[in-house]
Amino acid sequence: MGLKKRTVSPAACDKWTSPPAVPERRLFEMPLGGRSVWPGQCCPGFAVRHSETLKTTPECWFCRHADFHLTQPLALEVGICCYPGTPNSPS
């Protein structure tokens, strides 16, 4: 008995490989400590990650309080806000 060959439709693959929808660019009224943040978002708690950063667009991707696992082998598309002292911030 041989193995049956299975085929997967391209539409089925798309649902596995398509990235999640990115929320629109927006400025939050307060930091979202402990919650998900996207690169195009920002809040009044923005602090640039490195002083030598060439692009200092005020968005979560460049913020020192956001954790996108940039020091790991694979960075995250959605980060976590680690702003200190906010209700949902990690301890």
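Let me begin by describing the structure that accompanies this report.

**Details of the environment of Pro 39**
- With respect to the helices and strands, Pro 39 occurs in the loop between strand 2 (36–37) and strand 3 (41–42).
- A C-alpha to C-alpha distance of 7.9 Å links Pro 39 and Phe 62, two positions 23 residues apart in sequence.
- Not counting chain neighbours up to four residues away, the residues in contact with Pro 39 comprise Glu 59, Cys 60, Trp 61, Phe 68 and Glu 77.

**A short note on empty space enclosed by the protein**
- If you walk through the whole model with that rule in mind, you get one cavity of 30 Å³ or more.
- One number sums up the size of the largest cavity: a volume of about 90 Å³.
- Val 37, Cys 43, Cys 60, Cys 63 and Cys 81 are, among the 14 residues lining the largest cavity, the residues nearest its centre.
- Class assignment for the residues of the lining of the largest cavity results in twelve nonpolar, two polar and no charged.

Each value, and the rule that gives it
- Residues numbered from 1 in each chain as written.
- Predicted model: local features only at pLDDT ≥ 70, side-chain atom pairs only at ≥ 80, totals over all residues.
- Heavy atoms only, no water.
- Helix = DSSP H or I, 4+ residues; strand = E, 2+ residues; numbered from the N terminus.
- Contact = heavy atoms within 4.5 Å.
- 1 Å grid on protein atoms, 1.4 Å probe; cavity = no way out; pocket = protein on both sides within 12 Å on 5 of 7 lines; lining within 4 Å.
- Points joined across faces, edges and corners; volume = space filled by probe spheres on them.
- Nonpolar A, V, L, I, M, F, W, Y, C, P; charged D, E, K, R; others polar.

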